[in-house]
Amino acid sequence: MMPEKTTLTFMVMDPPFESTRSTTALRLMQIAAERGYDINVLAYEGAVFLPSTAQAGHPNPIHGNDVSQENHPLPREWIEIIAETAEKNGGTLDWVNCGMCADERGVVDTVEGVRRGGPAVLAAWIGESTNTLIIPTRG
């Protein structure tokens, strides 16, 4: 009998560039993608900005670097890489932005594959997942 496929569910709440919590979540997702796991993500509150296409790199005039030299990492690019890596290794990435959270914050355009939903999707995923990790904001 073959073991069931590993499915990991994440709920993230922190916006990009504000704390290491979002970066840590993306690192864990990258590892899961490299292992071919199915990955579910509910982005809630400020985390709806993680896949926003409005993100842009910037120069660093203090160090004298232009945009290409600074090579500032963008979460939207990382999410695209996670999706590609998961697919290449036989897994999937299902990323859901909380629709109300996105509307409140004006997040309109996101990377390909991101869909709108809400907390109910998290409840469904929890029952289907191997494990679930909720990474809350610090209150």
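Owing to the predicted nature of the structure, the values given are computational and were not obtained by experimental measurement.

## What about the overall build of the chain?
Then, in step 1: Of the regular secondary structure elements, the chain holds five helices and five strands.
Then, in step 2: When its helices and strands are written in sequence order, the chain yields β-α-β-α-α-β-α-β-α-β.
Then, in step 3: In terms of overall size, the chain behaves like a compact globule, its C-alpha atoms giving a radius of gyration of 16 Å where 139 residues would be expected to give roughly 14 Å.
Then, in step 4: Overall size of the chain, expressed as C-alpha extent along the three principal axes, is 60 × 35 × 25 Å.
Then, in step 5: Of all 139 residues assigned to the chain, the portion counted as buried reaches 41%.

## Topic: a nonpolar patch on the surface
Then, in step 1: Among the surface-exposed residues, Leu28, Ile31 and Leu133 lie close enough to one another that they form a single nonpolar patch of about 220 Å² accessible area.
Then, in step 2: The exposure class assigned to isoleucine 31 is partly exposed, which follows from its relative accessible area of 39%.

## Quick word on the nonpolar core
Then, in step 1: Within the largest apolar cluster, 26 residues are counted, with the highest numbers of intra-cluster contacts made by Val12, Met29, Ile39, Val41 and Trp95.
Then, in step 2: Secondary-structure elements contributing two or more residues to this core are β1 (7-12), α1 (20-34), β2 (38-43), α3 (75-88), β3 (92-98) and α4 (99-105).
Then, in step 3: The residues touching isoleucine 39, leaving out its near neighbours within four places in the chain, are Leu8, Phe10, Met29, Ala32, Ala33, Ile82, Thr92, Leu93 and Asp94.
Then, in step 4: Met11, Met13, Val96 and Val121 belong to the second-largest nonpolar core, a separate cluster that totals seven residues.

Cut-off values and rules
Residues numbered from 1 in each chain as written. Predicted model: local features only at pLDDT ≥ 70, side-chain atom pairs only at ≥ 80, totals over all residues. Heavy atoms only, no water. Helix = DSSP H or I, 4+ residues; strand = E, 2+ residues; numbered from the N terminus. Rg over C-alpha atoms; globule rule 2.2 N^0.38 Å. Buried < 20%, exposed > 50% of the residue type's maximum accessible area, 1.4 Å probe, protein only. Patch = residues over 30% accessible without salt bridge, like charges linked within 9 Å, V, L, I, M, F, W, Y side chains within 5 Å. Areas by Shrake-Rupley, 256 points an atom, 1.4 Å probe, with all protein chains shown as cover. Salt bridge = Lys/Arg side-chain N within 4 Å of Asp/Glu carboxyl O. Core = buried A, V, L, I, M, F, W, Y, C linked by side-chain atoms within 4.5 Å. Contact = heavy atoms within 4.5 Å.

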